[in-house]
Amino acid sequence: MLRAFSTAATGMTAQQMMVDVIANNLANVNTNGFKRSQIDFQDLLYVEMRESGTEVASGVTTPGGLEIGSGVRAASTIKVFTPGELQSTGRPLDIAITGDGFLQVTLPNGELRYTRDGALQRNADGEMVNNMGYPIEPAITIPTDAVSVDIGKDGSVNVTDTSGTVSVVGTIQLVRFPNPSGLSSEGDNLLAETEASGTPMTGTAGENGFGTIQSGFLEKSNVQMVTELVNLINAQRAYEINSRAIRAGDDMLRTASNIAVR
Amino acid sequence: MSVITEQVSTSIEALMDEFYIITHNLANVSTVGFKRRCNAFSRVLEGQESSEEYSPGSINLESAFDFSQGGMVETGRELDFALFGRGFFVIETAAGPLYTRNGTFRTNQNGQIVDGEGRIVSGEAGPITIPANVSLSQLSVSSNGSIRVGDTAIGRFRIVDFGENESKLVPVGASCFLMPEEGIVPVAAEDVVVKQGYQESSNVRIVDELVDMIMVCRLYEANMKFITAQEETSNSIMGVAMG
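The sections below set out a description of the structure shown in this document. Treat the numbers as computed from the prediction; the structure is a model and nothing was measured.

Procedures and definitions
- Residues numbered from 1 in each chain as written.
- Chains lettered and ligands numbered in written order.
- Predicted model: local features only at pLDDT ≥ 70, side-chain atom pairs only at ≥ 80, totals over all residues.
- Heavy atoms only, no water.
- Pairing = 2+ DSSP bridges.
- Helix = DSSP H or I, 4+ residues; strand = E, 2+ residues; numbered from the N terminus.
- Axes fitted to C-alpha atoms, helices over the stretch in contact; angles between N-to-C directions.
- Expected span 1.5 Å × (residues − 1).
- Buried < 20%, exposed > 50% of the residue type's maximum accessible area, 1.4 Å probe, protein only.
- Phe/Tyr/Trp six-rings, centres within 6.5 Å; stacked < 30°, edge-to-face > 60°.
- Lys NZ or Arg CZ within 6 Å of the ring centre and 35° of its normal.
- Contact = heavy atoms within 4.5 Å.

Overview of the sheet that holds strand β14 (residues 156-161) of chain A
Think of a sheet as strands paired side by side through backbone hydrogen bonds, with each pair either parallel or antiparallel. All names here are of chain A. Strand order in the open sheet formed by three strands is β13-β14-β15, with antiparallel pairing between adjacent strands. A strand with exactly one partner marks an edge of an open sheet, and here the two such strands are β13 (146-151) and β15 (166-171). Averaged over neighbouring strand pairs, the angle between their axes works out to 25 degrees when direction is ignored. Bridge count between β13 and β14: five bridges; the pairing is antiparallel. Residue pairing for β14: V149 is matched across the bridge by V159.

Written out as C-alpha cells, the structure reads:
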C-alpha cells in the first residue's frame, strides 16, 4: 500500500509544479519579450513484478509481464520561443525582433546576457542601454546633438543632427543559439548562455535566418491567458484525483486493520 | 477452510497490484505520450463470476499496455511532434534503441535533434542536424516525418511499428519502451501521421480509472468480509464442538 501512496504523491508533486509554472507564465502575461515555459513530465521507473513469459500453469505462459510503475516526475521545463504579439508604441528606441535572434547586453562585470526585450533607452552619456541600464553590445552612442533617431530593419541606427544630416552611428547585432531552450533565465528579462544552449552566433538582422528589427514596436509576452487557465484547471483536477487515490488506499488499509484488530 | 483463505489472499494480492497500476495511471494523467496500463483484473473476475470453474491461481492478470491514441494538444512549439496512428520515434542510446511516443524534442549544442534526456532522436540516415544558419521557425515537418527548411530536406524521422509484437514492449520509464526480445525487428510505420506543434497527451481517461478504482476498493472490501465471515464460522463451529 505504501507504494500506492508514494505513487499518488509523485502525481501530486508534479501537478503542483505544473501550477507553479503556470503561475509564473500568468504573472508574466504583460512582460515584454517574455517566453512562456512548458513543463515536461516523464513516467518513473517500473518494477517488474512478473516477467513476461512466466509459466503460470503447466504449459501456460503469461503473454505480458506485470510491471508496475512508480509514478511521475517533472523532467524539465522548456522555454517556448514562439513569437509574442507586437505592440506599437511609436517610440523610436523601442525595437522588436520579428523572427529569430536576441539582443546582447553587457553586464557591469563584462559578461554578456541575451534578451528579447527591446525597450531601449539612452543613458546620460548617450549610450543605448536596456531598461536595467546595461549597454547593448556592440555599444552604440547617440550623439548629444541628435534631433531624431531611426532604427532600420537591419539594425542600423541612423541619427539626424541639428543641421539635418543623417549619419549611421552603429548597427545593432543579433545573436542566435543552436538550442535557445537551453538558455538559463536570469530574471530581468535576461538569458544567459549555458553548455546546453551552444555557442552564440552573431549576425545582422535579416540575414542568415536572423529576424528583422521593427522600430517603434515592442514584443509582448507569448503567454496565452486562455491556454494557461485551461492548463491550470487540468492541473488542479489531476491533483485532486491523485489525492482521491490516496484516500481510497487509506480506506483499503482501514478495512484491513479493522480485521486485524478484531 | 484453508482453501478459502488461499483464494482470498490471491485475489487480495492481485487487487493490490491493480490498485498500484491505477495510481500509476492517475499520476501520469498529464505525461506526454504516456500509455496507460490496462487493469484487466476486475474484468477477469467479472468474467469468472459467471463461469462455473474457479480455482485459485488461475487468475491471469494480463496487464498489457493500452497503446490507443492519446489526444492531440496544440503547443505551437516547433520541436513538439505528435504521432497520430501506430508508430514510435526511435531514441538512440548506448544500450540500444528505445521507442517512444513522446515527441517533445530539443536541439543540443551541436544542433542535433534530441529528446528531453539529451539522447539523439534517430533519423532515417542517422541523427538529424539542423544547420546553424537556420532558425527553428523555418523548419517544416511534413506528415511523413521528413524535415525541410524551405525546399531543402535535412532529414526524416525514423518511425517504426511493431505490429503484433507491440505487446512485448517493456517500459523503462521516461515514456520510453524497450524491445527485450532480440529477434523482433520493427518495420517502418506506414499508417502514421506526424504533426508538428502538437503533443500527444496521455491516454489515461480519469473517469475510467476512477470507476476501476472504486471497483477495486469494493472487491477488496468484499474479500476482507470473507475473512471476517470465515472467522465467525470457525468460531461457531468451535462453539458447537466444545459444547
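Observations regarding helix α3 (residues 206-242) of chain B
In this model α3(B) runs 54 Å from its N-terminal to its C-terminal C-alpha over 37 residues, within 8% of the 54 Å that 1.5 Å per residue would give. For α3(B), the full list of buried residues reads E209(B), D212(B), M213(B), V216(B), C217(B), L219(B), Y220(B), N223(B), M224(B), T228(B) and Q230(B).

Notes on the environment of G152(A)
Assignment of secondary structure puts G152(A) in the loop between β13 and β14. Looking at G152(A), the relative accessible area reads 17%, which means it is buried.

What to know about the packing of aromatic side chains
Per the counting criterion, the structure on display carries 16 aromatic pairs over all chains. Here F88(B) and F162(B) contribute two aromatic rings whose centre-to-centre distance is 6.1 Å and whose plane-to-plane angle is 65 degrees, an arrangement assigned as edge-to-face. You can see F88(B) sitting in strand β3 (residues 88-91) and its partner F162(B) sitting in the loop between β13 (159-161) and β14 (170-173), a full 74 residues away along the chain. Given a relative accessible area of 1%, F88(B) falls into the buried group. Its relative accessible area of 5% is what places F162(B) among the buried residues. Through successive ring pairs, a cluster of aromatic residues spans Y46(A), F65(B), F67(B), F88(B), Y99(B), F162(B) and F177(B). Positioned above the aromatic ring of F210(A), the side-chain terminus of R176(A) is 5.0 Å from the ring centre.

A few points about unusual backbone geometry
In this model, E137(A) is joined to P138(A) through a cis peptide bond whose omega is -5 degrees. Here N189(A), not a glycine, exhibits a phi torsion of approximately 65 degrees, which is positive. Within the secondary structure layout, N189(A) lies in the loop between β17 (184-187) and β18 (190-192). Residue N189(A) is classed as partly exposed on the basis of its relative accessible area of 27%. Positioned with a positive phi, S175(B) is a non-glycine residue whose angle comes to about 60 degrees.

Let's talk about the environment of D100(A)
Position of D100(A) among the secondary structure elements: in the loop between β8 (95-98) and β9 (103-106). We classify D100(A) as partly exposed; its relative accessible area is 21%. Sequence-wise, D100(A) and L86(A) are 14 residues apart; in three dimensions their C-alpha atoms are separated by 14 Å. Setting aside its immediate chain neighbours within four residues, D100(A) contacts R116(A), L174(A), R176(A), G209(A), F210(A), G211(A), S135(B) and L136(B).

Observations concerning the sheet that holds strand β12 (residues 152-156) of chain B
Residue and element names in this part refer to chain B. Ordered in space as β10-β11-β12, the three strands form an open sheet in which the pairing is antiparallel. With one partner strand each, in any of the chains shown, β10 (139-141) and β12 form the two edges of the open sheet. Ignoring which end each strand starts from, the neighbouring axes of this sheet average 30 degrees apart.

By themselves, these are just geometric observations and shouldn't be taken as functional.
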